[in-house]
Amino acid sequence: MKDLKVICYRYDRDKDEKPYYATYNVPVDDENVSVMDILNYIYENLDPTISYFSHAACKQDICGRCTVKVNGKSVLACKESIIGDVILLEPVNKEKVIKDLICRLD
Amino acid sequence: MINNYLYYDVIIMGSGGAGLRAAISSAEKGCKTVIVTKGKINRSGATLLAGANISADIACDGKSLWEMGFNTDKDDSKEKWFKDIITEGFYLNNDELVSRYVEDAPKRVKELIDWGMKVNGLEGDRAISVEGTEILDTLYRNAKSLNVGFIEDNLVSDIVTEGNKFVGIISIDILSGDISFIGAKSLVIASGGMHFVFPFHSGSTDLTGDGQAAALRAGVEMIDMEMVTFCPLIIKHPLKYRGSILPYILQSFGYGEILNKYGKNFLDDVFEKDVLYYAWHSEWNKLLLSYAFSKEILNGNGTPDGGLYYVMSSSPKEIYKEMYSNWPGFKKGVNPEIMSILENGNALVIAPGAHYFEGGIKINDKMETNVQGIFAAGECTGGLFGANRVSSALTEMLVEGAIAGENAAIYAKDINNIKPDKDLIDKYVEPITKPFNVNKGTNVLEMRKYLHDITYANLWVIRDGEKLQTCLSKLDEIKNGIDEIYIKNKSLKYNKEWIEYIELRNVYYCAKAIAKSALLRTESRGVHFRSDYPITNNEEWLKHIIIVDANFNYRFENIRRGISEAEIKKLSYIDFIRYLVNKLT
């Protein structure tokens, strides 16, 4: 069991003057945990206002829709395993953010 | 409250294989057609994950496949296949739907091949093996070339009707929170399964029974809702791979073994030798293994998280090498990570999980429902496979999709769009936006967890009257809770709590229809097993249970074909399976 520190980009254009970063501590007790699992944990246990792609997700690296930036690199949240004690989560394109980690990509 | 009003001839709800195939038929008839889908057009729904995207089977009779150049049995026939599907369905099938299925299957297979779909080979004697994404991409190319409109990332909350006639849909753009009224002359519901009724399943996250629930609220009848197929080997742990059916695919190819918490193989104690053979080597493995595994877990012999171990520990490297060369899909996506767990001699924790829904929207052989202008196709429909699906759900979606799209287009030709008045629309919008005005109550996440605890405990593989009664009364509590739900997040943009509220409302209707039908059916048949009625009773139960409205009133409908087929009146559950397997051609 370790405590993972998650630093996450947050922005709601309707409410926030500018984007900010929120920090969450997530207990991790398994080596096979994905970024998607971590986001689900935050949503279910720490902050239900967080937005990340999850409404039509295959969770098996097939649909390719849950892209986020982890430590600056674009990856699929369902495929990316957690390495280290701190991760930085950001949207793939800050110009096109709808809310938090959600972008409208064409 | 409505941000947009849009009008089309035909709306297709859902963009898996059934929806895409329906859109093609409708557009070919010259109708202005739009697909409204919750995810991305060719990358969402259940088709995407068919056969773990390794080997999905599109079924067709052996003779027709032989005529297309495949090395199958040319002495097979549509008649033999028809008979087998009815036997596999424990006689509960709607024979008119089975007729269309076997009749149209070759046309649907052939057109996909002509349109350039890549075929990996054969799967058994009556199916070709493909990847789910291949089917979707092939259909998508065609739909696009026919100028079908696409509205993505939209959750259809309701179907609007006036009298007994379809008017349009209410749709929420998940990203922006905008609510649209989309009017049309006809609708094809192709929304897939109701996986989210259960906490543990093999579906993608969009399969929340939106079509079935909205249809039921619009007065559309549901059939055979108690029939839910559980896939016996779905990964439960590690969490990252939860929901994958990869171990099921491995097992059905013949690899690996299943152990209880003591590391023991227990299947020999559950089944006699001949039945054990069917459990391992026949297409009936889903129901037999789900029954056996659930029993073992309920007996306290499961892992701490309620599963069993799947291992390939005695397999030498050569076996993996050959497997990867035969099935390249094992090297794609997250599959190599899962395989490395097994290759390293470790176990996956697996358990039976909800996989396919035999029951659903009641249709006739034109894919019409009882509400004018509403058609349905694919997994969201019921009746074709009766009490147990052995044949292919992909063939179902293709055959039914093509018919539904065509008939929805023919229906649309003769009528005009109805422009509903504001009061009617407000009636639908009020409940979906209500949580924005509620400042205290039960949180949507707690409610979801509560609902899942109830369905897991009471509506799982092994059922009984007491559990089902409990399930129904607790679902009523949930209904009250949903009506007063609290969401913390009041933003309209990608609001997960709000989306979950709307999905949970749909899940409630589906769960209640399943539980109610399961309680009514006081026998065991196919995938529906009742420990208090462990007998298949052809004398009393060769009939469909039909849920007729959103108050869950019901009626029965006799099965013509089944009654003439059934030679045996009553038999214990396993003995009847034994009897049926021996009747296959």
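Structure first, text after, so check above.
Residues numbered from 1 in each chain as written. Chains lettered and ligands numbered in written order. Predicted model: local features only at pLDDT ≥ 70, side-chain atom pairs only at ≥ 80, totals over all residues. Heavy atoms only, no water.

Student: Quick question: what am I supposed to make of the overall build of chain B here?
Tutor: Check the secondary structure of chain B and you find 20 helices and 25 strands. For chain B, the C-alpha atoms occupy an extent of roughly 65 × 55 × 50 Å along the three principal directions. Within chain B, counting contacts between residues at least 6 apart in sequence, those at least 24 apart form 74% of the total. (Helix = DSSP H or I, 4+ residues; strand = E, 2+ residues; numbered from the N terminus. Contact = heavy atoms within 4.5 Å.)

Student: How should the overall build of chain A be read in this particular structure?
Tutor: In terms of helices and strands, chain A carries one helix and seven strands. Reading the secondary structure of chain A in the N-to-C direction produces β-β-α-β-β-β-β-β. In terms of overall size, chain A behaves like a compact globule, its C-alpha atoms giving a radius of gyration of 13 Å where 106 residues would be expected to give roughly 13 Å. Summarising its shape, the C-alpha atoms of chain A cover approximately 40 × 30 × 25 Å along the three principal directions. Burial status across chain A gives 55% buried among its 106 residues. The long-range fraction of contacts in chain A, counting pairs at least 24 apart against all pairs at least 6 apart in sequence, stands at 48%. Surface accessibility of chain A: about 5000 Å² in total, with carbon and sulfur atoms responsible for 44%. When the 15 basic and 18 acidic side-chain charges of chain A are each reduced to a single mean position, those positions are 6 Å apart. (Rg over C-alpha atoms; globule rule 2.2 N^0.38 Å. Buried < 20%, exposed > 50% of the residue type's maximum accessible area, 1.4 Å probe, protein only. Areas by Shrake-Rupley, 256 points an atom, 1.4 Å probe, with all protein chains shown as cover. Lys, Arg positive; Asp, Glu negative; His and termini not counted. Charge placed at Lys NZ, Arg CZ, Asp CG, Glu CD.)

Student: Help me understand the interface of chain B and chain A, please; the structure alone is not making it clear to me.
Tutor: Accessible area lost upon the coming together of the parts serves often as the stated size of an interface. Contacts between the two partners involve 39 residues from chain B and, on the opposite side, 35 residues from chain A. Interface of chain B and chain A: buried area, both sides summed, is about 3300 Å²; carbon and sulfur atoms make up 54% of it. When the area that chain B buries against chain A is broken down by residue, the three leading residues are Lys240(B), Tyr494(B) and Lys496(B), summing to 22%. Linking chain B with chain A are four salt bridges, by the criterion used here. Between Asp173(B) and Arg104(A) there is a salt bridge, and its shortest N-O distance comes to 3.2 Å. Linking chain B with chain A are 23 residue pairs in polar contact (both at pLDDT 80 or more). Among the secondary structure elements, those contributing two or more residues to the side of chain B that touches chain A are α12 (335-343), α15 (444-458) and α17 (496-520) of chain B. Along the lines of polarity and charge, the residues of the side of chain B that touches chain A split into 11 nonpolar, 13 polar and 15 charged. (Buried area = accessible area lost by both parts, 1.4 Å probe. Salt bridge = Lys/Arg side-chain N within 4 Å of Asp/Glu carboxyl O. Polar contact = N/O pair within 3.5 Å; in protein donor to acceptor, adjacent residues only side chain to side chain. Nonpolar A, V, L, I, M, F, W, Y, C, P; charged D, E, K, R; others polar.)

Student: What is the right way to read the pattern of salt bridges from this model?
Tutor: Between side chains of opposite charge, a pair can form when the charged atoms approach closely. Within the structure shown, the criterion is met by 42 salt bridges over all chains. Across the pair Glu67(B) and Lys63(B) runs a salt bridge, and its minimum N-O distance is 3.9 Å. Residue Glu67(B) and its partner Lys63(B) are located together in helix α2 (residues 62-67), separated by four residues, close to a single helical turn. Judged by its relative accessible area of 36%, Lys63(B) is partly exposed. A salt bridge links Arg521(B) to Glu523(B); the shortest N-O distance between them is 2.8 Å. Across this residue pair, the class does not change: Arg521(B) and Glu523(B) are buried. If you follow the salt bridges from partner to partner, you end up with Arg10(A), Asp47(A), Lys99(A) and Asp100(A) in one network.

Student: Quick question: what am I supposed to make of the pairing of strand β11 (residues 186-189) of chain B here?
Tutor: Across a regular strand the side chains alternate sides, sitting on one face of the sheet and then on the other. Residue and element names in this part refer to chain B. With burial as the criterion, each face of β11 is covered, one bearing Ser186 and Val188 and the other bearing Leu187 and Ile189. Where strand β2 (residues 10-13) lies against β11, four bridges are found, and the strand directions are parallel. Its bridge partner being in β11, isoleucine 12 is matched across the sheet by valine 188. Relative to strand β18 (residues 374-376), β11 is paired through three bridges, and the arrangement is parallel. Looking at the pairing, leucine 187 lines up with isoleucine 374 of β18. (Pairing = 2+ DSSP bridges.)

Student: Hey, could you run me through the packing of helix α1 (residues 17-28) of chain B against helix α13 (residues 393-413) of chain B in this one?
Tutor: For any two helices packed against each other, the geometry is given by the interaxial angle and the distance between the axes. All names here are of chain B. It is at 7 Å that the axes of α1 and α13 come closest, and there the two elements cross at 35 degrees. The handedness of the crossing between α1 and α13 is right-handed. Where α1 approaches α13, its residues Gly17, Ala18, Arg21, Ala22, Ser25 and Ser26 are matched on the opposing element by Met397, Leu398, Gly401, Ala402, Gly405, Glu406 and Ala409. Grouping the constituent residues of the contact of α1 with α13 by class yields six nonpolar, five polar and two charged. (Axes fitted to C-alpha atoms, helices over the stretch in contact; angles between N-to-C directions. Left-handed = near helix turned anticlockwise from the far one by under 90°.)

Student: Looking at this structure, how should I read the sheet that holds strand β12 (residues 222-223) of chain B?
Tutor: Residue and element names in this part refer to chain B. In spatial order, the strands read β19-β17-β12-β23-β24; together these five strands make up an open sheet with mixed pairing. If you trace the sheet from one side to the other, it starts and ends with β19 (381-382) and β24 (554-558), each paired once. For β12 and strand β23 (residues 543-547), the ladder comprises two bridges, and the chain directions are antiparallel. The residue of β23 that forms the bridge with methionine 222 is isoleucine 547. Taken strand by strand, α17 contacts β23 and β24, and its axis lies near 145 degrees from that of β23.

Student: Can you walk me through the packing of aromatic side chains in this structure?
Tutor: For any pair of aromatic rings, geometry is given as the distance between the ring centres together with the angle between the planes. Residue and element names in this part refer to chain B. Scanning the entire structure with this criterion turns up 31 aromatic pairs over all chains. Ring geometry for phenylalanine 90 versus phenylalanine 576: centroids 6.1 Å apart, planes at 50 degrees, classification tilted. Taken together, the residues phenylalanine 90 in the loop between α3 (78-88) and α4 (95-114) and phenylalanine 576 in helix α20 (residues 573-581) connect sequence positions 486 residues apart. Phenylalanine 576 sits in the buried class, given a relative accessible area of 0%. Taking the centre distance of 5.4 Å and the plane angle of 85 degrees together, the rings of tyrosine 101 and phenylalanine 385 count as edge-to-face. Here tyrosine 101, found in helix α4, pairs with phenylalanine 385, found in the loop between β19 and α13; they are 284 residues apart in sequence, far enough to count as distant. You'll find tyrosine 101 and phenylalanine 385 in the same group, each marked buried. When the ring centre of tyrosine 324 is taken as reference, the NZ or CZ atom of lysine 331 above it lies at 4.3 Å. Above the plane of the ring of tyrosine 356 lies arginine 389, whose end atom (NZ or CZ) is 4.2 Å from the centre. (Phe/Tyr/Trp six-rings, centres within 6.5 Å; stacked < 30°, edge-to-face > 60°. Lys NZ or Arg CZ within 6 Å of the ring centre and 35° of its normal.)

Student: Would you explain unusual backbone geometry in this entry?
Tutor: Most peptide bonds take the trans form, and the phi angle of most residues other than glycine is negative. Residue and element names in this part refer to chain B. For the bond from histidine 237 to proline 238, the omega torsion is 5 degrees, close enough to zero to count as cis. As for its placement among the helices and strands, proline 238 is situated in the loop between β13 (228-237) and α7 (246-253). For tyrosine 91, which is not a glycine, the phi torsion comes out positive at approximately 70 degrees. Summarising the element assignment, tyrosine 91 is placed in the loop between α3 and α4. The backbone phi angle of aspartate 153 is positive, close to 55 degrees, even though this residue is not glycine. Within the element layout of this structure, aspartate 153 appears in the loop between β7 (149-151) and β8 (154-162). You can call aspartate 153 buried: its relative accessible area is 6%.

Student: I tried to follow the packing of α4(B) against α13(B) on my own but got confused; where do I start?
Tutor: All names here are of chain B. Two numbers describe how α4 lies on α13: the axes approach to 9 Å, and their chain directions differ by 95 degrees. Classified by the interaxial angle, the pair formed by α4 and α13 is roughly perpendicular. Contacts between α4 and α13 involve Arg100, Tyr101, Asp104, Ala105, Arg108 and Leu112 from the first element and Thr395, Glu396, Leu398, Val399, Ala402 and Ile403 from the second. For the contact of α4 with α13, the residue count by class is seven nonpolar, one polar and four charged. (Parallel < 35°, antiparallel > 145°, perpendicular 65-115°, else oblique.)

Student: Would you explain the sheet that holds strand β10 (residues 179-183) of chain B in this entry?
Tutor: Two strands in a sheet stick together by hydrogen bonds in their backbones, pointing the same way (parallel) or opposite ways (antiparallel). All names here are of chain B. As summarised here, the arrangement of the four strands in space is β1-β10-β9-β8, forming an open sheet in which the pairing is mixed. Two strands bound the open sheet, and with one partner strand each, they are β1 (4-7) and β8. Looking at each pair of strands side by side, their axes are set apart by 25 degrees on average, direction ignored. Contacting β8, β9 (165-173) and β10, helix α14 (residues 422-433) crosses the sheet at an angle of about 145 degrees to β8.

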